[in-house]
Structure formats: structure tokens, C-alpha cells
Amino acid sequence: MSGIGKTTVIDLESFRSAAGTVIDARTPAEFQQGHWPGAINVPLFSNEERHQVGLTYKQQGRLEAIELGLQLCGPSLAKLSAGLRTAAGGPGEPLRLYCWRGGMRSNSMAWLASLSDHPVTVLEGGYKRYRRWVLDRFNTPWPLRVLGGRTGTGKTDLLLQLERHGVGVVDLEGLAHHRGSSFGNLGLPPQPSSEHYENKLAERLDALNIGQAPEIWLEAESIQVGRCRIPKGLFSQMQTAPVLEIQRSDQERVDRLVEIYGCHHQQDLRDATQRISKRLGPQRTQKALEAIDQQNWAEACQAMLDYYDRCYDKELERSPARDTVNLEGLSTEDSAGLLLSKGCVTPMICP
């Protein structure tokens, strides 16, 4: 640990437990690609300015790049200072800062923040060091349990209900903003990049580790959740984890799917159906499209359930250990209560 005026450069573990808002000093494009979850982007340079500085460094050298950087950010110092003060929540409040490698950008911003009396900690190694920590999380053994069940059995809702009862849960679909099918993005915010998805997953796993979760429950998924990819190390553990498969009647499943998807625009539903037309086959595709045009949501769901059931059954065959529980006729709350009372799931000691 080394001190620089009111700025302290610290390692990752110390940075994680330090006080203050986390500031990402990288460009908006870098931030969009992936960042420390919860960080606020106060970029020293714009995307184009960062490109110019980098090009100058390669072609002319370090000193010339520094001079260009000073010219570019000089007129923006007052705005940057105000941005840091706002992010901190007021004058004198602590800040945590990082850039890509923990070098000139974060230290320059730390100097600027110190002028407003903000105590500042800078992450040694920057975002690059944080990413190594993230990727290491997925090679760590976790006490995973997988909740399985065919499409429409309400796996996600059940997991979220169990979480309210203190069970350790990682909501793979919620973090990805996607329900995992061709229809999975309907009505949801844009998906994060796979890199940022990894960051969010790692933070959630770490939070459950701190909470000493005896089990960590996830929903049975393929490795792709929309455009987000479950990290290989975590997915490999999911494939060998014990599975609890929930079962409901076909009518319950159809009713649930109609409730979720029946509110969306017909054209969006048609487009999603067309995307899987080769796998559905011409007859099922035509039947589903005609049902959508007639706003017969139940028939549209029925036309596609067989395809999704076959996909699910094939994926689940890889599971080495599987128990089943029939939740037919039970609400989500009653289903969670049943699983808890039977000891199928174990809550954390301190929910």
C-alpha cells in the first residue's frame, strides 16, 4: 500500500472493502463493454480522444501523448470535477477510482478529486486486475444446485420466491435481461455484453459466498442466455450439479406462457417464431403464425411446446443426478413453501 497525497493506491481486496463511490475513468465505449457493477462512468477522455492519445503514444512517444492528453482534458477539468463531486454525493466524500491498468487516467482523476478534498483510493492494476478476479470466480468450486423443468413450469418465479425466503440464488436470466428462448428478449431491457454479464455473475457469487450460502441455486440453461454466454467454468459445474426437476400440467404451462407473452405485439411474436422456423418445421411454424394472427395465444404456445420440450429433455439427459417434484396446482408461494418444508432446498443461516 502506498500513499500519494490524499490518494492511496491499494490492492483489489482492500479496494473492495474501502469506502466511497466507485468511479470508472475509462471511455464510455470501454465502460459499455464491461465495468465494475455499480460503478459510475466519469470518463477522462471521450472515445475519440482516447484513440488519438493512444495513436500518439505509439507513433510519437509517451511525452507527446501526455501533452496531447493535457490539451484534450484541460478545458474539461471543471466539468470533470463537478462530475466527481456529484458522483461522490457531496464535497469531501470518499471516492474509489480505476481505469484500465490503474495508471495515468485514474491517477489524474484522483489528483483532480483531491483538489475538492475527496479522499481517494485507486485500484492497483485497474479494471484489468478486476477482470482477472472475475474470471477466477468461475474456476472456484461452488455448491451449485440446478432447478430444472420444462418451459412454462415457472422456474424463474420459483427461484425468486425461494430467494425471498433466504435461499442462495443466482438469477441467470435476470442478470442477462433475457428469458433464454427466441422470445426471451420481449419486454426486457437491452442485454449486457457477455463481459459485463460475467462481472455481474461474479459479484453475485461472491455475495453468496460472503453470506455463506450452503447451496447456490440456478435455473437449468443452455450456455447461451440470449447473446450472453455463461462462463465455461461455471457452466461445466452446472452440468455436473444435482438437478431438482419441477413438474406441472401442460395446461398450467400454457396458461403461464400466455400470461407472459400474450401482452406483446403480434409482429414481435411473429418475428420470434420465424427465427426458430427451421427447428419448428413448416407445419408447426404455420400453425403458430396463424394462431398469433388470430390472437389465439394458447394455440400458438401449444404449437411450439413440443419443440421446446424436446430441447429441454435432450439437455437434461446430461445431468448425472436428478430428483423430481410435482407442483401441479400449487402457486409459486405454496411451491416454495413445499420445497422448504421437504428440505429440498436449504436457506442461508442469515437470510
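This is a predicted model, so every value here is computed, not measured.

A. Local environment of the nonpolar core. Ranked by internal contacts, the top residues of the largest apolar core, which has 40 residues, are Trp 36, Val 170, Tyr 197, Ile 216 and Ile 230. Among the elements of the structure, helix H1 (12–17), helix H7 (126–137), strand S7 (144–148), helix H9 (172–176), helix H10 (194–210), strand S8 (216–219) and helix H11 (232–240) are those that each provide at least two residues to this core. Top contributing element to this core by residue count: H10, with five residues. Ignoring anything within four residues of it in the chain, the contact list for Tyr 197 reads Leu 172, Leu 175, Ala 176, Pro 192, Val 225, Cys 228, Arg 229 and Ile 230. Grouped together as the second largest cluster of nonpolar side chains are 24 residues, Leu 44, Cys 73, Cys 99 and Val 120 included.

B. Fine view of a nonpolar patch on the surface. A surface patch of nonpolar side chains, amounting to about 310 Å² of accessible area, comprises Leu 77, Trp 111 and Leu 115. Within the fold, Leu 115 resides in the loop between helix H6 (104–114) and strand S6 (120–123).

C. Quick look at the layout of surface pockets. Roughly 1300 Å³ of internal volume is contained in the largest pocket. Lining the largest pocket are 49 residues, with Thr 151, Arg 179, Gly 180, Ser 181 and Tyr 308 positioned closest to its centre. Counting only elements with at least two residues in the lining of the largest pocket, the list comes to helix H8 (155–164), H9, helix H12 (250–261), helix H13 (266–275) and helix H16 (297–316). Here the lining of the largest pocket gets eleven residues from one element, more than from any other, and that element is H16. Partitioned by chemical class, the residues of the lining of the largest pocket number 20 nonpolar, 17 polar and twelve charged. For the second largest pocket, the calculated volume is near 690 Å³. Every residue lining the second largest pocket is counted, 25 residues in all, and those nearest its centre are Phe 45, Arg 50, Val 53, Met 104 and Arg 105. If you list the elements that add at least two residues to the lining of the second largest pocket, you get helix H3 (47–59), helix H4 (62–73) and H6. Here the residues of the lining of the second largest pocket sort into 15 nonpolar, five polar and five charged.

D. Examining helix H5 (residues 77–88) more closely. The terminal C-alpha atoms of H5, which comprises twelve residues, lie 16 Å apart, in line with the 16 Å expected from a rise of 1.5 Å per residue. Among all positions of H5, only Leu 80, Ser 81, Leu 84, Ala 87 and Ala 88 are buried. Axial view of H5: buried residues confined to an arc of 130 degrees, hence all on one face. Projecting away from the buried face of H5 at angles above 90 degrees are the exposed residues Ala 78, Lys 79 and Thr 86. The inward-facing, buried residues of H5 contact strand S3 (21–24), strand S4 (40–41), strand S5 (95–98) and H6. Phi turns positive, to about 95 degrees, at Gly 89, one or two residues after H5.

E. Structural view of H12. Spanning twelve residues, H12 covers 16 Å between terminal C-alpha atoms, matching the ideal 16 Å at 1.5 Å per step. Buried within H12 are the following residues: Arg 253, Val 254, Arg 256, Leu 257 and Tyr 261. Looking down the long axis of H12, one finds its buried residues gathered within 165 degrees of arc, a one-sided arrangement.

Rules and cut-offs
The numbers attached to residues start from 1 for each chain and follow its sequence in the written order. Given that this is a predicted model, residues contribute local features only at a pLDDT of at least 70 and side-chain atom pairs are listed and counted only at 80 or more, while totals for whole chains, interfaces and linings are drawn from all residues. Heavy atoms throughout the structure, all of them, feed into the side-chain values; hydrogens and water do not. For our purposes a nonpolar core is just a set of buried Ala, Val, Leu, Ile, Met, Phe, Trp, Tyr and Cys residues, chained together by side-chain atoms within 4.5 Å. A simple rule labels every residue: compare its accessible area, found with a 1.4 Å probe on the protein chains alone, to the largest value its type can have, and call it buried under 20%, exposed over 50%, or partly exposed in between. Numbered from the N terminus, helices here are DSSP runs of H or I no shorter than four residues, and strands are runs of E no shorter than two. Contacts are assigned to residue pairs that have any heavy atoms within 4.5 Å of one another. Only residues whose relative accessible area exceeds 30% and that form no salt bridge are eligible for patches; like-charged ones are grouped when within 9 Å, while nonpolar side chains (Val, Leu, Ile, Met, Phe, Trp, Tyr) are grouped when within 5 Å. Surface exposure here means Shrake-Rupley accessible area, sampled with a 1.4 Å probe, where a residue is shielded only by the protein chains that are shown. Each reported salt bridge corresponds to a side-chain nitrogen of Lys or Arg within 4 Å of a carboxyl oxygen of Asp or Glu. Each cavity reported here is a set of points on a 1 Å grid over the protein atoms alone in which a 1.4 Å probe fits but cannot get out, each pocket an open set with protein on both sides within 12 Å along at least five of seven lines, and each lining residue one with an atom within 4 Å of a point. Grid points are joined across faces, edges and corners, and a volume is the space filled by probe spheres set on the points. As a working rule, the residues Ala, Val, Leu, Ile, Met, Phe, Trp, Tyr, Cys and Pro are called nonpolar, Asp, Glu, Lys and Arg charged, and the rest polar, with Gly in that last group. The span you would expect from a helix comes to 1.5 Å times its residue count less one. The directions considered for the arc are those from the helix axis to the C-beta atoms.

Distances and angles like these do not, on their own, reveal function.
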